[in-house]
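Observations on the three-dimensional arrangement
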Amino acid sequence: MANEWLEIKAYDFLFPLLIFSFICWLIILSRIQRNGYLDKINATKALGFILMLRTQKGIKLLERVSKPRKFWRIYGEISLWVCRASMVFIILFLFLAILLFIITGPTKDPMPVSTMIAVPGLNPVIPLGWGIFAFIVSLVIHEFGHGLQARAHGMRLRSFGLLLLGPLPLGAFAEPEYDELTRAPRKERQRMFAAGPSTNLFLALICFIILIFASHQFTAINQGMYAKGIIEHEESGAHSSTTSSGVEYPLNAYDIIMKIDQNLIPDKESFDRVMDNYSAGDEVKLTIIPINNIDEVIILNVTFGDAYEYNYYVWNTSDNRDDLDKDGEIGKDDFQIVLEENRAFLEQMGQIIEPGDAFLGVSGLVSSTHGIDGLVGPFAPGSSGTLLEKIIITPFHVIQLLFQPFENKGTAMNPFEESMLVADSKGLGGILGTSNMILIVEFCFWLIWVNILLGLTNLIPILPFDGGHLFKDMMHGSIEKVNRLREILGFKKWHPLSVENLVGKISGWSSLGLFLILFLMFLLPYFV
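So, a few notes on the structure that sits alongside this text. What you see is a predicted model; the values in this text were computed from it and never measured.

Structural notes on a nonpolar patch on the surface
Taken together, W509, L512, F515, L516, F519, L520, L523 and L524 make up a surface patch of nonpolar side chains, about 760 Å² in accessible area. Counting through the fold element by element, F519 comes out in helix α18 (residues 496-523).

This is the structure we're talking about:
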C-alpha cells in the first residue's frame, strides 16, 4: 500500500527502556554542560532535562516575509479571535471530560502507554515517515507564526530554536527580546502568542480543502457496499450463507456486496429499498467480491433472517429491558411498547422494525468508496446538505479525524478500504495515478492531524503553553476592567502591582491545578 511507512512497535519493555534512556540523557546533559560544550553550540539546559538548541537560521527569511507589517497585524487580529473561540471550545471540552471522570471514575481499559507518547514510530498510531515529516512542518510554521507577529509589532527576535529530550524533538521556540515582549501592549503580545496555534489551524484548513479536491479524483474499482462487521446470530443470513455448490461460505467483513438477486447495490439507499421487497425466510443470491481477491466474483445463497426477532433478542439481553405493561413478565409485548414509544425517532432514522422484516445480519454497511469519503465527511461526493450546513459540520468532523489513526492502526485509511479505490481516469487522478493520489491523501491527512493536535494542545490554558499566556493576558485585561468599574463606583483602585500579583497567582495556580487534574486522569487508569 502507498501508506505503509516504517512503524516501530511498542511492547512491555518500553517503559523501563524509557526510564533507562532518560537517566542516561540526564548524565550526558550534565556532563556536556560542565565541559562548557553547551555554550559553544549556543544551547542551554531547561528544567534540568530539556536541551534548548538555538540557531540564527531563518531570521533573515523572517525579516523579508514580515515586511508588509499591516497585513501581518490584521492576520494577528484574526488569529487572536480564532484562538479565543478555540479556547472556549477546549475549556468546555476539558470541563466535560473532568466532570465525566468524576462521575464515572477512571476507565478500566486504558490505552497502551505507547499511545500516550507522541513520538513517530514509537507510538503505534503515528507512522515514522509521515509523523516526522508532519511534526517538522507543523513546528516550523508554528514558531514562524510567532516570529512574524513579533516583527510585525516591532519586537526583535533573538533566535529560533529546538527543544530536545535526547534525540527526540519536544517542540520548537521563537525567542523574542524578553524586555521588548514584556513592555509590548497586551493586545500585541496576545497576537504573538495566538499566531502559532492559529497558523497550525489555518494550515490544517488548507490541507482539508486540498483533501476535498483529492477525494473527488477517486472512484470504486467495484461499485457496491461492504459491511464492517458480520453479526453472529441464528437470525443472521450472512453468517450462514453457502456457495452455489453448497459449500459453507459465510460473508466476511469488507467483502463487497454488488447485487441482491439481480438488484444492484451501489449505496445504502438502494440496499434499504431492495431489502424492503423481501421478507424473513426469503432465499436470495448475493453477488460478492471477496476482500482477499478483488478479481473474483462469488455468488452466495442466503436465507434472510427476521430483523424483528434479532432486535428483540438484543433488547431482551440488555440492561434496558423492563416490564413496561406491568403483567409480571418481560416479553415481546414490552418490546413492542418500546418500538411504539420511539416510532417517531425510528421513522426519522429510517429504522422502523416490523415482524417478518428481512435481515441480512451485517453491521456498519457503507459504500466501497467509504475509505476516502469518510475523510472529507460532509464534502464527500454525493453528500447532501447546503454549503452552510457542511461548513457548520466541518469543525466537528475534523476533530473526529483525530481518532482515525487509532481505528486504522496508524493509517489514514483502512488498507482494505484503500484497496477498493482507483484514481479516476479523468482530471488530476488520470495524470498522477492511484498511488500518487493516495500519497496526496496521506500527505494532507497527517498535516491535518498533527496541526490540529499541536494547535489545540497549545491552546490549553496551562503555562507555558500559548493558551496559558493568552489566558494570563486576558485575565489581566478583565481585572483591569473591574478596576476601572471600581473607580467609577467610587471605590479605591487596586495598585498595578497588586493586579499583576493577583493575575500571576490566578494563572499560576490554575495552570498547576489543571495540569494535576489532567495528569491524574491519564495516570489513574493504569493503577486501578
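Comments concerning the side chain of R54
Its location among the elements puts R54 in strand β2 (residues 50-55). The class of R54 is buried, set by a relative accessible area of 17%. Excluding residues within four positions of it along the chain, R54 makes contact with I41, N42, A43, T44, S159, F160, G161, F173 and E175.

Observations regarding the nonpolar core
The biggest cluster of nonpolar side chains holds 69 residues, and the ones touching the most others in it are L211, L375, V441, I448, I452 and L470. It is helix α16 (residues 427-458) that contributes the most residues to this core, twelve residues altogether. In this structure, I448 is in contact with A204, C207, F208, L211, V398 and L401, ignoring residues within four places of it in sequence. If you look at the next biggest cluster of nonpolar residues, it comprises 22 residues, including L251, F271, V284 and I288.

Let's talk about the environment of V503
Of note, V503 is situated in helix α18. Distance from V503 to H239, taken between C-alpha atoms, is 64 Å for residues 264 residues apart in sequence.

Regarding the pattern of salt bridges
Inspection of the entire model under this criterion finds eleven salt bridges. Here K268 makes a salt bridge to D272, at a shortest N to O gap of 2.9 Å. With a gap of four residues between them, K268 and D272 both fall in helix α8 (residues 268-275), about one helical turn apart. Using a relative accessible area of 36% as the deciding quantity, one classes K268 as partly exposed. Relative accessible area serves as the criterion here: at 29%, D272 is assigned to the partly exposed category. One salt bridge in this structure joins K332 and E309, with 2.5 Å as the shortest N-O distance. A residue pair is termed long-range when its members are at least 10 positions apart, and K332 in helix α10 (residues 332-341) and E309 in helix α9 (residues 307-316) qualify at 23 residues. Accessibility expressed as a relative area gives 27% for E309, which makes it partly exposed. Linked through salt bridges whose partners overlap, the residues forming this network are E63, R69 and R151.

About the criteria used
- Residues numbered from 1 in each chain as written.
- Predicted model: local features only at pLDDT ≥ 70, side-chain atom pairs only at ≥ 80, totals over all residues.
- Heavy atoms only, no water.
- Patch = residues over 30% accessible without salt bridge, like charges linked within 9 Å, V, L, I, M, F, W, Y side chains within 5 Å.
- Areas by Shrake-Rupley, 256 points an atom, 1.4 Å probe, with all protein chains shown as cover.
- Salt bridge = Lys/Arg side-chain N within 4 Å of Asp/Glu carboxyl O.
- Helix = DSSP H or I, 4+ residues; strand = E, 2+ residues; numbered from the N terminus.
- Buried < 20%, exposed > 50% of the residue type's maximum accessible area, 1.4 Å probe, protein only.
- Contact = heavy atoms within 4.5 Å.
- Core = buried A, V, L, I, M, F, W, Y, C linked by side-chain atoms within 4.5 Å.

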